[in-house]
Amino acid sequence: MHRGVEATAYLVNESRARRPDLAGDPLAAAWMPDGERPAVRGLWDKFAEVVYEHDDLVVSLRGRCVADTLGAALRKDPDTILVNCGAGFSSYPWLLPFRAALEVDLPDLVRAKQQRVTELVASGVLPERDVRHAPVDLNDPSARSELISLVNEFADGRPVAYVAEGVVFYLPPEDARAVVGLGAGFDNCVVSAVSYWPAAAAESRVLADQRDWFRSRSVPEEATYLTDDELTSLLGAEFENQGPEDLQRRYLSRVVVPESDLIPEYVAVSWT
Ligand SMILES: C[S@@+](CC[C@H](N)C(=O)[O-])C[C@H]1O[C@@H](n2cnc3c(N)ncnc32)[C@H](O)[C@@H]1O
């Protein structure tokens with residue numbers, strides 16, 4: 001358990017569960033059944049020891065930024081639906097009043113999420129929502145084309161808010177760029193929110209330590225970094241770009257931990 005790239009979904013769920021207020025995600029802790037939480041905590045503690053001890057900060061800040069973006073999209077049009085690629089154990093369809101959502105992930109993760117959704121709806125922890133779960137390997141170009149058709153059918157003309165959070169750096173460069181720009185293929189994508197690691201931060205000490213941890217967990221260690229020019233060509237010149245220090249200023253009023261001590265994860269938000 002907790003090996004391969006899917007392990008990262010458990011890790012970042014624990015990061016939000018440690019900072020539910022900052023993340024704006026009171027449901028984060030519920031995703032792990034009681035019996036599983038100690039193992040996930042152990043995974044996080046080991047990661048904190050060998051990589052860095054602030055994943056709760058970085059992941060909660062990026063999640064809060066995404067949640068605020070989605071809230072703004074719903075205020076503009078309550079019919080907006082959510083499409084989330086690499087959705088992991090994120091909670092957006094249950095935190096926000098989406099009328100419909102499509103969550104995409106690898107098959108094992110989709111199975112685990114669906115099972116937990118069923119349990120949590122039955123126990124009244126999660127409200128009933130129209131959430132469809134699609135098992136898709138985002139590295140497969142033909143699967144991505146099918147996904148675009150599925151999104152357009154599912155949205156049926158409604159506005160789409162598109163999220164790819166904490167996933168594109170794990171994909172090979174061409175696939176990463178395709179996933180960043182996936183919203184361009186949707187009939188009515190109104191906003192894309194994508195987190196990424198900038199090429200300028202590729203030499204980060206924390207990312208170097210993380211590569212060692214990835215190797216120990218069978219997570220592919222080659223990462224894709226993106227330049228401003230690539231993001232501009234995929235998201236348009238007007239995208240908002242916020243790094244971990246910007247997000248700390250926004251949500252904590254000051255920089256508590258400098259970017260050099262953090263995973264340099266940026267959130268690009270592009271409204272159309
Ligand atoms: C770090 S987790 C982020 C999960 C979620 N977005 C969040 O912020 O909590 C990365 C997620 O991307 C998924 N993922 C990685 N590679 C993928 C691929 N090729 N196709 C689909 N999903 C993938 C993993 O299974 C995992 O759920």
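Residues numbered from 1 in each chain as written. Predicted model: local features only at pLDDT ≥ 70, side-chain atom pairs only at ≥ 80, totals over all residues. Heavy atoms only, no water.

This brings us to helix H11 (residues 244-252). Residues Pro244, Leu247, Gln248 and Tyr251 constitute the buried set of H11. All buried residues of H11 project into a common sector of 105° when viewed along the axis, lining one side. Looking at the buried residues of H11, the elements they touch are helix H2 (20-23), helix H4 (55-76), strand E6 (240-242) and strand E7 (266-271). Positive backbone phi, at 70°, marks Ser253, one or two positions downstream of H11. (Buried < 20%, exposed > 50% of the residue type's maximum accessible area, 1.4 Å probe, protein only. Helix = DSSP H or I, 4+ residues; strand = E, 2+ residues; numbered from the N terminus. Arc of directions from axis to C-beta. Contact = heavy atoms within 4.5 Å.)

Relative to the helices and strands, Ser60 is located in helix H4. Ser60 has contacts with Ser15, Arg16, Arg19, Leu22, Ala23 and Asp55, leaving out every residue within four places of it along the chain.

A word on the site of the ligand. Lining the immediate surroundings of the ligand are 22 residues, of which Arg16, Arg62, Gly86, Asp105 and Glu165 lie closest. The backbone of Val136 places a nitrogen or oxygen atom 3.4 Å from a nitrogen atom of the ligand. Separating a nitrogen atom of the ligand from a backbone N or O atom of Glu165 is a distance of 2.8 Å. If one sorts the elements of the shell around the ligand by residue count, helix H1 (residues 7-18) sits on top with four residues. Within the shell around the ligand, the residues separate by chemical class into eleven nonpolar, five polar and six charged. (Near = heavy atom within 4 Å. Polar contact = N/O pair within 3.5 Å; in protein donor to acceptor, adjacent residues only side chain to side chain. Nonpolar A, V, L, I, M, F, W, Y, C, P; charged D, E, K, R; others polar.)

Honestly, that's just the spatial picture; any functional story needs more than this.
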